[in-house]
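# Structural features, examined
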Amino acid sequence: METQEAVFRILRFNPERDEKPHYQTFQVKIDSRMTVLDALENIKHEQDSSLTFRRSCRSGICGSCAMKINRLAKLACKARVKTEADKHGEILVEPMENMPPIRDLVADMGEFWREIERGNPWLVWDESLAGSIKENLLTNQQQQISGKLADCIMCGACFSDCVSRVFDKNFNGPASLAKIHRFVTDPRDKEGVKRVHGLVEMGLWSCTHCYFCWSQCPRDVRPVSAISELRVLSYNSLDPSQGARHVGAFKNSVESSGMLNEATLYLKTMRWNTLRDLGLVLKMATKGKAPSPFPRPIPKIDEVRALFRVAKEIREK
Amino acid sequence: MIKHDIVIVGAGLAGLRAAIEAKQKSADVAVLSKLHPVRSHSDQAQGGINASLGEDDSWEKHTFDTVKGSDYLADQDAVEIMCKDAPRAIIELEHWGTLFNRTESGRLAQRPFGGAGFPRTCFAADKTGHVLQTTIYEQIRKNDVQIYEEWFATALVVEDNVCKGLTALDILTGEVYAVQAKAIILATGGAGQVYSKTTNSLTTTGDGIAMAYNAGLPIEDMEFVQFHPTTLYDSNILISEGARSEGGYLVNALGERFMKKYAPDKMELAPRDIVSRSIETEIREGRGFEGSYMHLDLRHLGEAKINERLPTIRELAIYFAGVDPVKEPIPIQPAQHYTMGGVPTNLNSATSVKGLYAAGECACVSVHGANRLGGNSLLETVVFGKRAGAKAAEHVKEVSVVTFPETALKEEQKRIEALLNRKDGEKASEIKKALGTTMFDKVGIFRHKRELEIAKRNVATLQRQFQNVCIMDSSRKFNTSLIETLEVGFALDLAEVVIAGALARKESRGAHYRIDYPKRDDAKWLKHTLAVRTAEGPKLSYKPATITRFQPEARGY
Amino acid sequence: MKYAYYPGCVAKSSAHELYDSTARVAEKLGIELVELVAASCCGAGVINEGDPFLNVVLNARTFAMAENMDLDILTICSTCQGVMRQVKWQLDNDPGLAAKTNEALAKINMRYKGRVKIKHLLWTLIEDYGLSKLEPQVVKPLKGLKVASFYGCYLLRPAEALQFEDQEEPASLERLITILGGEPVHYEGETKCCGFPILFVQRETAFEMAGNYLNNAKQKGADFMVTPCPLCHLSLDTYQMKSSKKIQANINLPVMHLSQMVGLAVGVEPEKLGFSKHMVSMEKVLRVL
């Protein structure tokens, strides 16, 4: 295996010595198989034993070594040095985002775990079964969705890179909502769909669909899809919320005219809050940007309406 | 000083199962773990967990397979308990939410595992450990069990054969605390990191077993080290036995399914010690690839089956070996995997010290004897974890008060302080590397007096070097160099015991194979090794294996 | 080059400047756009959260329309592009869903065959048209103006559904800017989210998001920002005043639609590109040119 050298720029922070974090560069001889974790271990053992990071299984399943590598949260034991170097040149290594740093690449995951706890993350099982030796009957098909969601290793990468979480500390976050959905979709959970009812207050509608939780998850859990599915349940169970009103207004607009009419969408979602934007709306009107609240339906609107009817029938079955 | 009635060290399956039991029996219980619970090594188990659920199966058959698999060294009364309790233990896990694979009719699916006469291994694809650990951690949160997360236990405190508690380091702050407890349950797992090639995580360093040894307890059967036959070439990441239960073949460089020569009946599903020795023999006799590995061929299973039953190992092979098992055979070689030995306990997980219990891989009941069957380790954790929790809860009701000796804390604080302040000396990482290589090369699958003696001398040298180890990072907060150094210390202690046991045992049984004593010798050696720490090294004594139903027979597959 | 053109809803109402500038650019470059006037809204990811199957069939109908014309779909909105690509990815990988969808479409005498491709104008310029063909048509180069790209989310992630470029290090906008004579400027936030999806529901968060990224670009010396999505444009330009106020900074960074930037460079008269409809004036930039 041919070797070459790679440059690592690592964010260091020792609370006993440093006032604030600073970058330090290291050079490491690498081969095509080396992972970032291998490189960090190498640096720690050969160059600077104070380099601090979490790690355990080195095979992508325990979740200990999640950190930002070239600005995106990944498992260090799976990030291949050569790939990172080829793509980005230097390899930038920093602790996860949205969590205060403890030391070097170790982030304080307290907020992450607290958000998980908010969701009552355990199966509410039928305790009358205690001691019995009969299992619940369940098919592989019935537990397919829960199974995929249960692949989560709680590494924190999705939480780190969640754009909404940066600005909205009430947002429960992708990992937690995905875990809640894991129980919602488990036929054995006695709470089941009832769990959806508390979610509006936990920021169910704060997810902005940035899809980072999908792209950064090392286990392909796709939390954003779980959030969308929870929103479907919330909307269809008539949980009142601005988010649900938004969905309803959108559907109505498309059913009636085939297009999204921003004016009616705005009014129906925001209601009297529209007054807050009165200045902006007037300015838009003067520039010819304000859409008419009375749109003309598109040609063949009947086809669109027919599809709405078909989908409704299927849903109601 | 931290005070609890029960403190459990280790947050894997055994530790957490014990905690739930103790909590439900209203004990004041806390779990202490150097990792966040979900990072524990139990999470990495793949293949499955055994129970005789099938109509044509029985706990007696399960017991027999386990006893035979152990090469007749297992204590049969303990095995009976484990196999009898298995169905209840596993169904309980299902009730708690484990997502096991199912049959068409919705019942728990089971697959055949090595050395089993019946398909009795329940599984969740090939990530059974992850699924179980996740489920049990969820129930821990439901029961609101207190956890000291990222706390490193440094020493057990035992006085007049009574357990008083332990000293532990809060990794976050670097402070060393006295933890007073009426009962301590050790659930710290195995000691794979004693070996250079191991499937075990970097944190599986035998802490609990070493602490017990250092506190004066005997430790049992340490020479019995399981080498898993199929680990990825080079990284030694585990490739589950499940791959073989689903029908995978082991093939040498000549294209032969060589297991025919060594276990014509069970073939690839012979017990692990036999398969590992077979692979190693094939390699030594020149029929390996690049002189190092064999092929595990899954191509004939087809993509659909591999994706359904073995998705994890497919991903691992692609990612860490650059090979897609759907299209190519996987390069595999044996590596250390499981520690059959550990802290000796009775049938209720109690050790010889009052108030001290042990469960899971760090304990030696012994249910696995000289070799463990796949699927029995996950079973052991929940069966004996529960028993440990129950017994400890009972015990603390009877004990009134326990006083932690202040000197124990002061001494430990001084020791750590001295370590941190040393400015110059040996590197722990170098010592660890040398230790691992010596152990794998000389105390591995095939052993010989000559090599064992060299290993003994090497380890003695390394222990002397370790007296002068320097951490080169004197920070207190989150000092992982300190933790890694303490772990190397534990590993050195245990390595010495493994070698002593292996040297003394002049026979071959289960996973312990002596080229110079290739036969099993029941007349002289149907007994467990016990090692106690002395200034001159481990002092060995023996106790007979408990036999109830099955008299030892020749072990062929 | 001929496409079934799907402008999306916003380009035809509150971001009409995008529709107009696209028409001009297509004309100049010789790209024939046959508008799918009977196509419905793509749902923007919102209908998916009311009724996922409805989301699939509405978009499948659009696909079927294009297939009937034997043309691929061209979009000018990242959100439409992302939503449609995700729906197509689902249909192409789930035969059960495809069958159910076609059952529904059969009720309006339509059928999705799985042949259509869906491409954003940005991808079309790079792949089908080719930057080497575009370069000689640049008559009014951007004179080294510093341009900050705002990719946004739907055009990059999830990579499995989009399959165009590396979502970690996208380069399509930078390559285009360079060909057009501009200087790409990198800043923190170029692949992050403008906040539009939560603009109605969590406005303060959305303002902070957009404000932060706009400000980052400004701090790095950008003269203007360019975006391939009119929804991002609404957030970044129309609501810029609110975002500025939220983060207490005077941002004042003009934002162009992709088509406007290309239009300027290939010689379309600025007055025809609809800059007067923007909230943040493009005057300074136009004066340089």
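Residues numbered from 1 in each chain as written. Chains lettered and ligands numbered in written order. Predicted model: local features only at pLDDT ≥ 70, side-chain atom pairs only at ≥ 80, totals over all residues. Heavy atoms only, no water.

## Brief notes about helix α1 (residues 36-46) of chain A
Heads up, the rule is: Burial classes: relative accessible area under 20% of the type maximum marks a residue as buried, over 50% as exposed, and values in between as partly exposed (1.4 Å probe, protein chains only). Labels follow the DSSP assignment, with helices taken as runs of H or I lasting at least four residues and strands as runs of E lasting at least two, numbered in each case from the N terminus. Note on definitions: a residue-residue contact is assigned when non-hydrogen atoms from the two residues lie within 4.5 Å.
When we look at burial in α1 of chain A, the residues that qualify are Val36, Leu37, Ala39, Leu40, Glu41, Ile43 and Lys44 of chain A. Against β1 (4-12), β2 (22-30), β3 (66-69) and α2 (81-88) of chain A together with α15 (480-504) of chain B lie the buried residues of α1 of chain A.

## Quick look at the sheet that holds strand β11 (residues 225-232) of chain B
Residue and element names in this part refer to chain B. Convention followed: Strand pairing requires that DSSP identify at least two bridges connecting the strands. Lines fitted to C-alpha atoms define the axes, with helix axes restricted to the stretch in contact, and inter-axis angles between N-to-C directions lie between 0 and 180 degrees.
Ordered by their spatial adjacency, four strands build an open sheet running β11-β14-β13-β12, and the pairing between neighbours is antiparallel. Either end of the sheet is taken by a strand with one partner, and the two such strands are β11 and β12 (249-251). In this sheet, adjacent strand axes meet at a mean angle of 45 degrees when their direction is disregarded. Pairing of β11 with strand β14 (residues 330-339), which is carried by six bridges, proceeds in the antiparallel orientation. Across the sheet, the residue bridging to phenylalanine 227 is glutamine 336, located in β14.

## A few points about the domain arrangement of chain A
All names here are of chain A. Here is the rule we go by: Just so you know, the domain bounds were taken from an automatic or database domain assignment. Computed with a 1.4 Å rolling probe, the buried area is the accessible surface lost when two parts are put together, summed over both parts. Here, a salt bridge means any Lys or Arg side-chain nitrogen found within 4 Å of an Asp or Glu carboxyl oxygen. Here a polar contact is recorded for every N or O atom pair within 3.5 Å, except that within protein the pair must consist of a potential hydrogen donor and a potential acceptor, and residues adjacent in sequence are included only if both atoms are side-chain atoms. Each residue is assigned to one class: nonpolar for Ala, Val, Leu, Ile, Met, Phe, Trp, Tyr, Cys and Pro, charged for Asp, Glu, Lys and Arg, and polar for all the others, Gly among them.
Along its sequence, chain A is organised into domain 1 (3-107), domain 2 (110-235) and domain 3 (242-316). Contact residues are listed per partner, giving 16 residues for domain 1 and 16 residues for domain 2. For the pair domain 1 and domain 2, the summed buried surface comes to about 1200 Å²; carbon and sulfur atoms form 55% of the total. Counting every contact that joins domain 1 to domain 2 gives zero salt bridges. In this assembly, domain 1 and domain 2 are joined by six residue pairs in polar contact (both at pLDDT 80 or more). Looking at the side of domain 1 that touches domain 2, the element that brings in the most residues is strand β4 (residues 72-75), giving four residues. Classifying every residue of the side of domain 1 that touches domain 2 by side-chain character gives nine nonpolar, three polar and four charged.

## Details of the pattern of salt bridges
Opposite charge on two side chains makes pairing possible when the charged atoms of those side chains draw close. Residue and element names in this part refer to chain B. In this structure the tally under the stated criterion is 93 salt bridges over all chains. Across the pair arginine 309 and glutamate 246 runs a salt bridge, and its minimum N-O distance is 2.9 Å. Within this pair, whereas arginine 309 is found in helix α9 (residues 303-309), its partner glutamate 246 is found in the loop between α6 (242-245) and β12, the two being separated by 63 residues in sequence. Classification of arginine 309 as partly exposed rests on a relative accessible area of 22%.

## Let's talk about the pairing of strand β7 (residues 224-227) of chain C
Residues and elements named next belong to chain C. The two faces of β7 match: Phe224 and Val226 on one face and Met225 and Thr227 on the other face are all buried. In terms of strand pairing, strand β5 (residues 146-149) meets β7 through three bridges, oriented parallel. Within β7, the position partnered with valine 147 by the bridge is phenylalanine 224.

## Focus: the sheet that holds β1 of chain A
Residues and elements named next belong to chain A. Taken together, the five strands give an open sheet; going across it, the order is β2-β1-β5-β3-β4, and neighbouring strands pair in mixed fashion. The open sheet terminates on both sides in strands that have one partner only, identified here as β2 and β4. Pairs of neighbouring strands in the sheet enclose a mean axial angle of 35 degrees, with direction left out of account. As defined by bridge partners, β1 adjoins β2 across nine bridges and the pair is classed as antiparallel. In the strand pairing of β2, valine 7 is matched with glutamine 27. Running at roughly 80 degrees to β1, α1 makes contact with β1, β2 and β3 of the sheet.

## Considerations on the environment of leucine 254 of chain B
Here leucine 254 of chain B shows up in the loop between β12 and α7 (259-262). Note on leucine 254 of chain B: relative accessible area 60%, which makes it exposed.

## A look at the state of the cysteines
All names here are of chain A. Condition: When two cysteine sulfur atoms lie within 2.5 Å, the pair is treated as a disulfide.
For the structure shown, the criterion picks out zero disulfides over all chains. Considering cysteine sulfurs only, cysteine 62 is the nearest to cysteine 57, which forms no disulfide, with 3.6 Å between them. Classification of cysteine 57 by relative accessible area gives buried; the value is 2%. No disulfide involves cysteine 217; its sulfur sits 6.3 Å from that of cysteine 155, the nearest cysteine. With a relative accessible area of 18%, cysteine 217 lands in the buried category.

## Looking at the environment of tyrosine 233 of chain B
All names here are of chain B. Locating tyrosine 233 in the fold gives a position in the loop between β11 and α6. Given a relative accessible area of 24%, tyrosine 233 falls into the partly exposed group. As a C-alpha pair, tyrosine 233 and lysine 197 span 36 residues in sequence and 9.9 Å in three-dimensional space. Once residues lying within four places of it in the same chain are set aside, the contact partners of tyrosine 233 are Glu290, Ser292, Tyr293, Pro331, Ile332 and Gln333.

## With respect to the interface of chain A and chain C
Accessible area lost during the coming together of the parts is what is often quoted as the interface size. With 65 residues of chain A at the contact, the number on the chain C side is 70 residues. Carbon and sulfur atoms make up 64% of the surface buried where chain A meets chain C, a total of about 5900 Å² over both sides. For chain A, the biggest contributors to the area lost against chain C are Phe167, Lys289 and Leu307 of chain A; these three give 13% of the whole. For the pair chain A and chain C, the interface holds eleven salt bridges. Where arginine 61 of chain C meets glutamate 303 of chain A, a salt bridge forms, and the shortest distance between an N and an O atom there is 2.8 Å. Where chain A touches chain C, the interface holds 29 residue pairs in polar contact (both at pLDDT 80 or more). Of all the elements, helix α13 (residues 301-316) of chain A adds the most residues to the side of chain A that touches chain C, at ten residues. Among the residues forming the side of chain A that touches chain C, the class breakdown is 31 nonpolar, 15 polar and 19 charged.

## Here's the deal with unusual backbone geometry
Each neighbour pair has its own omega, and for valine 365 of chain B with serine 366 of chain B the value is 10 degrees, a cis peptide bond. Note on placement: serine 366 of chain B falls in the loop between β17 (363-364) and α11 (376-398). Going from arginine 157 of chain C to proline 158 of chain C, the amide bond is cis rather than trans, its omega being -5 degrees. With respect to the helices, strands and loops of the structure, proline 158 of chain C is situated in the loop between β5 and α6 (159-162). Notably, glutamate 150 of chain B is not glycine yet its phi reads approximately 60 degrees, a positive angle.

## Here we look at the nonpolar core
Put simply, the rule reads: For our purposes a nonpolar core is just a set of buried Ala, Val, Leu, Ile, Met, Phe, Trp, Tyr and Cys residues, chained together by side-chain atoms within 4.5 Å.
Core analysis: the largest hydrophobic core is formed by 229 residues, its most contacted members being Phe8 of chain A, Ile6 and Ile49 of chain B together with Met225 of chain C. Considering each element in turn, this core owes the most residues, ten residues, to helix α2 (residues 52-68) of chain C. Grouped together as the second largest cluster of nonpolar side chains are 80 residues, Val7, Val194, Leu420 and Ala428 of chain B included.

## Some thoughts on the interface of chain A and chain B
Contacts between the two partners involve 64 residues from chain A, matched on the other side by 62 residues from chain B. With both chains or domains summed, chain A and chain B bury close to 5500 Å², and 46% of this area falls on carbon and sulfur atoms. Connecting chain A to chain B are eleven salt bridges. Between aspartate 151 of chain A and lysine 127 of chain B there is a salt bridge, and its shortest N-O distance comes to 2.6 Å. Where chain A touches chain B, the interface holds 43 residue pairs in polar contact (both at pLDDT 80 or more). Among the elements of the structure, α1, β6 (101-103), α3 (110-118), α4 (144-149) and α7 (174-184) of chain A are those that each provide at least two residues to the side of chain A that touches chain B. In terms of residue count, α1 of chain A provides more of the side of chain A that touches chain B than any other element does, four residues in total.

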